[in-house]
Amino acid sequence: MAEHEHVRVAVIGSGFGGLGAAVRLRREGITDFVVLERAGGVGGTWRDNSYPGCACDVPSHLYSFSFAPNPDWPRSFSGQEHIRAYLERVTDTFGLRPHLRFNAEVKRMTWDAERLRWDIETTGGNWSADVVVSATGPLSEPKLPDVPGLDTFPGKVFHSARWDHDYDLRGKRVAVIGTGASAIQIVPSVQKQVEKLTLFQRTPAWVLPRMDRPIGAAERAVHRALPFTTKLRRGLLWGIRELQVQAFTKHPGELGFVEQLAKRNMARAVKDPALRAKLTPDYRIGCKRILLSSTYYPALAQPNVDVVASGLTEVRGSTLVAADGSEAEVDAIVFSTGFHVTDMPIAERVVGPEGKTLADVWSGGMQALRGASAAGFPNWMTIIGPNTGLGNSSMILMIESQLNYMADYLRQLDVLGGRVALDARPSAVRAWNHRVQERMERTVWNTGGCTSWYLDASGRNTTIWPGTTAEFRRATRRVDLAEYAVLRAADARPGTGAENAEVAA
């Protein structure tokens, strides 16, 4: 590898996970680190997703770091611009800018078994690091379906996460492909502008009202003057969601009542029985992520909107053809088709000591010890790794738990001393994954009768955590050295041909 800079820790990505890791490193007294970011600014998914109507479906005071409360959230559910501004403030408040390296997309990171370090090649230079913390996130790489004839389409095509703000949708015939969290925000945001909107719906979603409201100046003033009120608000929001978890993980039948609420929500806005039939799911609510919107159904009921209850299968010039034979002439296609979640692209760029990539090792399904460490990849850990996702609460809670684990991991390396690395034992990874998958069997995500982005190609749920956030926090509070092989550099005197030795923890 060409000339490089060596650091103790390299963090990959500057979204919530990467910035959280950077803050935690500084609070642990570690300043010898860099944050490698492929783009020109911080924010991660909240930088990349700037489509019309983009907002969070988790309450603002819960979708923020516990160590960086924000008394000035303008709404109970914040928009993309407010969340990105929050992350910019976190970056400045905690002095992270000197550690940021923008336009440095990781092309390859390779484990050097002799030096016990990672060699990292990026578009902005090369680094080596004792420890790599990968915080690229599961919602970072857009997923586009392979549609025959798409390359012949004469109009505009883009993914919701790569919105083209220079393209004017006004007066156009627009197709939105997909009915996920971004689609239900895009549809009502553009419906009034376009001549015709055609929604290609492969699977309908369960949608509940979005109980959003402005947070007034007086309310924000109270939070500023009395910080404990912000903490109390966050605690209440957290507690309510913790109480809901059992319905998702142990008693999916209890969700029938919520289905009735969702059907009433639809009936209030959609009077046409035929349209209601198209929009009514045939699977248990919660199997796919429950979506929140008070404007989606009213938009679909408008005369310039057509819902095609079938997926897009072919493009013939400017004509889009659905699986049921329906056709639509459009000027622009907006794909709201999600991301590479169970096949994270970063895994193809992580090369272990035997030359295998993490993608090779995960070809049969992702799995990592406590959602962080993959066997055969020493001193590499991931934030928002396998089975750390949530179906009903804030991912910031899970991120902070993983930051606790990261901090203790680094402390254990210090205690062990010298040139040392920790490699998750395959038996520990298997045992952890077995427990997770065993608990997953009766959850709504596995039994609800749907096919979701939570499931990988083999139908296994490698995305969601089947328990409460409190359980996960307890599970990641400390590193158990018995679950790791300890690798030490041999006496590296010149000419000795030093090799690594594995020692008992």
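Higher on the page you've got the structure.
Residues numbered from 1 in each chain as written. Predicted model: local features only at pLDDT ≥ 70, side-chain atom pairs only at ≥ 80, totals over all residues. Heavy atoms only, no water.

Draft legend 1. Layout of the overall build of the protein chain. Helices and strands together make up the secondary structure of the protein chain, namely 14 helices and 21 strands. The C-alpha atoms of the protein chain give a radius of gyration of 24 Å, which matches the 23 Å a tight globule of 505 residues would have. Its C-alpha atoms put the protein chain at 80 × 55 × 45 Å along the principal axes. Counting contacts in the protein chain only where the partners sit at least 6 residues apart, residues at least 24 apart contribute 72% of the total. Carbon together with sulfur atoms contributes 51% to the accessible area of the protein chain, which is approximately 21,300 Å² in total. Computing the positive centroid from 60 side-chain charges and the negative centroid from 54, the protein chain places the two 7 Å apart. (Helix = DSSP H or I, 4+ residues; strand = E, 2+ residues; numbered from the N terminus. Rg over C-alpha atoms; globule rule 2.2 N^0.38 Å. Contact = heavy atoms within 4.5 Å. Areas by Shrake-Rupley, 256 points an atom, 1.4 Å probe, with all protein chains shown as cover. Lys, Arg positive; Asp, Glu negative; His and termini not counted. Charge placed at Lys NZ, Arg CZ, Asp CG, Glu CD.)

Draft legend 2. Fine view of unusual backbone geometry. Even without being a glycine, N379 presents a positive backbone phi close to 50°. With a relative accessible area of 1%, N379 lands in the buried category. You will see that I384, though not glycine, has its phi angle at about 55°, which is positive. Structurally, I384 can be placed in the loop between strand 18 (380–382) and helix 11 (395–416). (Buried < 20%, exposed > 50% of the residue type's maximum accessible area, 1.4 Å probe, protein only.)

Draft legend 3. Examining the pattern of salt bridges more closely. Counted according to the given criterion, the structure contains 29 salt bridges. For the salt bridge of D414 with R8, the shortest nitrogen-to-oxygen distance reads 2.7 Å. On the criterion of sequence distance, the pair formed by D414 in helix 11 and R8 in strand 1 (residues 5–12) is long-range, its members being 406 residues apart. Residue R8 is classed as buried on the basis of its relative accessible area of 19%. In this structure, the salt-bridge partner of R370 is E483, at a minimum N-O distance of 2.8 Å. Linking R370 in the loop between helix 10 (358–361) and strand 18 with E483 in the loop between helix 14 (469–475) and strand 20 (484–489), this pair joins segments that are 113 residues apart in sequence. This pair shows no difference in class: R370 is buried, exactly as E483 is. (Salt bridge = Lys/Arg side-chain N within 4 Å of Asp/Glu carboxyl O.)

Draft legend 4. Spotlight on the pairing of strand 13 (residues 312–316). Of the pairings in the sheet, the one linking strand 13 to strand 14 (residues 319–322) comprises four bridges and is antiparallel in character. Residue L312 lies in a different strand from strand 14, and its bridge partner there is A322. Connecting strand 13 to the antiparallel partner strand 14 that follows it, the hairpin turn spans two residues, and G317 within it adopts a positive phi of roughly 65°. (Pairing = 2+ DSSP bridges.)

Draft legend 5. How the structure looks around the packing of aromatic side chains. A complete count under the given rule lists 15 aromatic pairs for this structure. Centre to centre, the rings of W432 and W465 are 5.9 Å apart; their planes meet at 10°, and the pair counts as stacked. Here the residue W432 occupies a position in helix 12 (residues 426–440), and W465 occupies one in the loop between helix 13 (444–447) and helix 14, the gap between them amounting to 33 residues. According to the relative accessible area criterion, W432 is buried, its value standing at 7%. Given the relative accessible area of 4%, W465 is considered buried. Ring-pair connections join several aromatic residues into one group, and the members of that group are F16, W46, Y63, F65, F67, W73, Y86 and F94. Over the aromatic face of Y167 sits the side chain of K172, whose NZ or CZ is 5.2 Å from the ring centroid. (Phe/Tyr/Trp six-rings, centres within 6.5 Å; stacked < 30°, edge-to-face > 60°. Lys NZ or Arg CZ within 6 Å of the ring centre and 35° of its normal.)

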